[in-house]
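So you can see what is in the structure, the chains are spelled out below.
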Amino acid sequence: MFWRVLRGSLRESRGRLAVALVAIISGAAVSSALLDLQFDAERKFTREFRTLGANVVVSPPSTGSRTDEESPVFGGEELQKIISVSNGGQSGVTTFAPFLFVVAHSAESSVILAGTWLDEAPRLAPWWKVQGQWVSNRADRQHCLVGRQVARQLKLSPGSSFEVTHAGRKINLEVSGILSTGGAEDNQVYVNLAVAQGIAGVGDGVGLVEINVGGNAERVQNFVTELAARVPELEVRPLRQIAQAEGQLLSRLRMLLLVTVALVLALTGLCVLATMATLAMERRSDIGLMKALGGAMPRLVRMFLAEVGLLGAVGGALGSLLGAVLAAWIGRRVFGTAISARLEVFPLTIALMMAVAMAGATPLRLLSRVRPAVVLRGG
Amino acid sequence: MGVLVELDRVSKQYGGVRALDQVSFTVEAGEWIAIMGPSGSGKTTLINILGGLDSPSSGRVLVDGRDIGPLSEKDLTRYRAEKVGFVFQQFHLIPYLTAVENVMLAQYFHSMTDEKEARESLARVGLADRAEHLPSQLSGGEQQRVTVARALINHPALILADEPTGNLDEANEELVVNLFRELHGEGHTILLVTHDSGIARLADRRIELAHGRLSQVSVLST
């Protein structure tokens, strides 16, 4: 009988309940999308920050990250330790590359020759723009990427060749592509590490290693601590500006999302409240009759709560599905990739919407004050 | 048969209005009482107090030996479910439930539902083929017969009818009155408010109220 009454009252009030349902679905869609964003924000932001390049630099003590002068170098043994730690399963390292900077000359001009693993460059510095071809082979000793300013100064273009000298050593390079970053790279010539090591005469020495560690600031710090313990003779520094900006932005984003979700829930509750207040007035005579027939108030309240709870559950479920679509759309617009719907957001949204619907159904409590003798005579 | 209902100096005050004033009478089990009187004389108030929908301001109302005046809201709800069957002038059916569901609703509040019994109750008032109809699909007479079936379903000690034919045409009035005659013949105790002296004449006794006071008690049949 409980379900017959429930079905009947849902059918009878379908117009008003549809309004409440639309409010709940809308609230659930926005809430679940924001919750998906909230849960996925860290991953997305970490990915965004990853595109800013390295967030850990390893170098001999008292050197900058990249200098315009020749830097002190450290040997292959330390590099092997760094590679070993970076390749560890729990390290969180997404990519890394050693660098060696050499001040060389070409056509009577000074040029900074930057040696690195050019095949790693697209991952370590995804914002680099290359006109022409990337150098995709680490063993390639012939080709190079020439910074935009250097190319202009030396009148170089893809396919042209030029000579570089340093300390009496001479190499011929062929331009594979013109590099454009808007930064210091525009004034440098990028060659593979072995080329730079050869012309600098430092054997397997490198000037610094740039590492990109995925994850939040805490994870970066953990990696730094671990690596510093393995190579105590080197300086291992997190790029704190990036790590702190990441942490602060994540924290602000989380707060913003939570406040927005709370506001959406409050507005949804108010909409349900307005609908339920009208519904309570409409149902006074039905409740009065049920009380006259011996319907105890707890039983009648259970009927209403079931109705409202069902409304919240259905609205929450439908809204969650819409929210997943909304989150994917927001993800594509804001982050360039879809936000994946989190499974735990579905039950959470349904529970939230049931709670909001119950809270919004507060006016139905007024029905407990209905006096059957009054409503049955039309009062 | 013994006294089923006893009113002892019952009064009901609504603010400055005295709806019932020192009303006393008894009803034997199986008796049919017609309650008459002009509008505002306190008939409906009397029915409401007997049905546990309202409480007396003073005096005692004993039903089956139990004073229902001091009962709590919860106990009054139980009393209504177990002891009373209501038939209202305005029918008062739940609009979104079918005829049989309206009858079953009274069962649900009493104890547990039995659809077969509910359908038998409808068959008894001549509505076996209208069980699945909504109130809006039934005529006034049919709706009132559904309320009679609903009033009977829990075998109440007391049937309280407040102008049950007030909204019916002549043909339907006769059908409903015949139902009450049958119920009376089966030994049900009925208190029926009416303005119709013809219907009142079918009762065992007639109680007349004026300005909340008992003005006359007439024995009509033996």
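Fair warning: this is a prediction, and the values are worked out from it, not measured in the lab. (Residues numbered from 1 in each chain as written. Chains lettered and ligands numbered in written order. Predicted model: local features only at pLDDT ≥ 70, side-chain atom pairs only at ≥ 80, totals over all residues.)

*Asks:* Quick one: what's the story with the overall build of chain B, residue by residue and with numbers?
*Replies:* Of the regular secondary structure elements, chain B holds seven helices and 10 strands. Relative to all contacts within chain B whose residues are 6 or more apart in sequence, the contacts with residues 24 or more apart total 68%. (Helix = DSSP H or I, 4+ residues; strand = E, 2+ residues; numbered from the N terminus. Contact = placed C-beta atoms within 7 Å.)

*Asks:* Explain the overall build of chain A to me, and be specific about the residues and the numbers.
*Replies:* Scanning chain A from N- to C-terminus turns up 12 helices and 10 strands. Relative to its full complement of 379 residues, chain A shows a buried share of 43%. Long-range pairs, those at least 24 residues apart, make up 83% of the contacts in chain A between residues at least 6 apart in sequence. (Buried ≥ 20, exposed ≤ 12 C-beta atoms within 10 Å, placed from the backbone.)

*Asks:* For the nonpolar core, give the residues involved together with the corresponding values.
*Replies:* Most often, soluble globular proteins have nonpolar side chains that are buried together. With 115 residues, the main nonpolar core has A:I24, B:I35, B:V103, B:L191 and B:L192 as its most contacted residues. Of the residues forming this core, the biggest block, 13 residues, is contributed by helix α2 (residues 14-50) of chain A. Not counting chain neighbours up to four residues away, the residues in contact with B:I35 comprise B:K43, B:L46, B:L191, B:L192, B:V193, B:I207 and B:L209. Counting residues in hydrophobic clusters, the runner-up holds 58 residues, among them A:L156, A:Y190, A:A217 and A:F223. (Core = buried A, V, L, I, M, F, W, Y, C linked by C-beta atoms within 7 Å.)

*Asks:* Which residues make up the packing of helix α5 (residues 140-152) of chain B against helix α6 (residues 170-185) of chain B, and what values do they have?
*Replies:* Residues and elements named next belong to chain B. Here α5 crosses α6 at 15°, and the two axes come no closer than 9 Å. One element, α5, and the other, α6, form an angle in the roughly parallel class. Judged by the twist between their axes, the crossing of α5 over α6 is right-handed. On the side of α5, the interface is formed by G140, G141, Q144, R145 and V148, while α6 contributes N172, L175, V176 and L179. (Axes fitted to C-alpha atoms, helices over the stretch in contact; angles between N-to-C directions. Parallel < 35°, antiparallel > 145°, perpendicular 65-115°, else oblique. Left-handed = near helix turned anticlockwise from the far one by under 90°.)

*Asks:* Pulling in residues and values, what's your account of unusual backbone geometry?
*Replies:* A positive phi angle, near 50°, is found at A:A167, a position not held by glycine. Look at A:A167 and you get exposed, because 11 C-beta atoms sit within 10 Å. With a phi angle near 55°, B:D64 is a residue other than glycine that sits in the positive phi range. Position of B:D64 among the secondary structure elements: in the loop between β4 (58-63) and β5 (66-67).

*Asks:* Kindly report on the sheet that holds strand β3 (residues 32-36) of chain B, identifying the contributing residues and their values.
*Replies:* All names here are of chain B. The mixed open sheet is built from six strands, whose spatial order is β6-β7-β8-β3-β9-β10. Of all strands in the sheet, those bounded by a partner on one side alone are β6 (84-87) and β10 (213-219). For this sheet, the mean inter-axis angle between neighbouring strands, taken without regard to orientation, is 20°. α5 contacts β6 and β7 (158-162) of the sheet and is inclined by roughly 175° relative to β6. (Pairing = 2+ DSSP bridges.)

*Asks:* I'd like a rundown of the sheet that holds strand β1 (residues 3-14) of chain B, residues and numbers included.
*Replies:* Judged by pairing direction, the sheet is antiparallel, and its four strands sit side by side in the order β2-β1-β4-β5 (chain B) without closing on themselves. The open sheet is flanked by β2 (17-28) and β5 of chain B, the only strands paired with a single partner.

*Asks:* Describe in detail the packing of helix α10 (residues 297-334) of chain A against helix α11 (residues 345-360) of chain A, supporting the description with residues and values.
*Replies:* Helix-helix packing is characterised by the crossing angle of the two axes and by the distance between the axes. Residue and element names in this part refer to chain A. The geometry of α10 relative to α11 is characterised by a closest axis approach of 7 Å and an angle of 140° between their N-to-C directions. The angle between α10 and α11 places the two elements in the oblique class. In the crossing of α10 with α11, the sense of the turn from one axis to the other is right-handed. On α11, the residues touching L305, V308, G309, L311, G312, A313, G315, G316, A317, G319, S320 and G323 of α10 are V345, F346, T349, I350, L352, M353, M354, V356, A357 and M358. Within the contact of α10 with α11, the residues separate by chemical class into 14 nonpolar, eight polar and no charged. (Nonpolar A, V, L, I, M, F, W, Y, C, P; charged D, E, K, R; others polar.)

*Asks:* Describe the environment of A:V93, and please don't skip the residues or the numbers.
*Replies:* Residues and elements named next belong to chain A. Along the chain, V93 falls in strand β2 (residues 93-106). In this structure V93 comes out as buried when scored by C-beta crowding, with 20 C-beta atoms within 10 Å. Taking the C-alpha atoms as reference points, V93 and G214, 121 residues apart in sequence, are found 5.9 Å from one another. Dropping the residues within four chain positions of it, V93 is found in contact with S86, I211, N212 and V213.

*Asks:* Which residues make up the interface of chain A and chain B, and what values go with them?
*Replies:* On the side of chain B, 24 residues touch chain A, which itself brings 19 residues to the contact. Grouping the amino acids of the side of chain A that touches chain B by side-chain chemistry returns nine nonpolar, four polar and six charged.

*Asks:* Quick rundown of the pairing of strand β1 (residues 56-59) of chain A? Include the residues and the values.
*Replies:* Side-chain direction in a regular strand flips from residue to residue, so the side chains alternate between the two faces of the sheet. All names here are of chain A. Here β1 shows a buried face lined by V56 and V58 and a second buried face lined by V57 and S59. Relative to strand β10 (residues 235-238), β1 runs antiparallel, the two sharing four bridges. Opposite V56, over in β10, you have P238 as the bridge partner. Of the strand pairs in this sheet, β1 and strand β9 (residues 208-213) are connected by three bridges, and their pairing is antiparallel. Within β9, the position partnered with V56 by the bridge is I211.

*Asks:* So what about the pairing of strand β7 (residues 169-180) of chain A? Which residues, and what values?
*Replies:* Residues and elements named next belong to chain A. As defined by bridge partners, strand β4 (residues 129-132) adjoins β7 across four bridges and the pair is classed as antiparallel. Its bridge partner lying in β7, G132 is registered against G177. Two elements, strand β6 (residues 161-166) and β7, share six bridges in a ladder whose sense is antiparallel. Each bridged residue has a counterpart across the sheet, and for E163 the counterpart in β7 is N172. Where β6 hands over to β7, the hairpin turn is made up of two residues, of which A167 adopts a positive phi near 50°.

*Asks:* Outline α5(B), listing residues and values.
*Replies:* Residues and elements named next belong to chain B. Its 13 residues give α5 an end-to-end C-alpha distance of 19 Å, which sits within 8% of 18 Å, the value for a rise of 1.5 Å per residue. In terms of burial, α5 is largely enclosed, as 12 of its 13 residues are buried. All of the buried residues along α5 are G141, E142, Q143, Q144, R145, V146, T147, V148, A149, R150, A151 and L152. In this structure, the buried residues of α5 make contact with β6, α3 (99-110), α4 (115-124), β7 and α6. (Expected span 1.5 Å × (residues − 1).)

*Asks:* For the confidence of the model for chain A, give the residues involved together with the corresponding values.
*Replies:* Predicted coordinates in regions of low pLDDT should not be interpreted in detail. Averaged over every residue, the pLDDT of chain A is 83; residues scoring 70 or more account for 91%. Note on residues 63-68 of chain A: pLDDT is under 50 here. Beyond four places in sequence and across chains, it has 10 contacts. (pLDDT = per-residue confidence, 0-100.)

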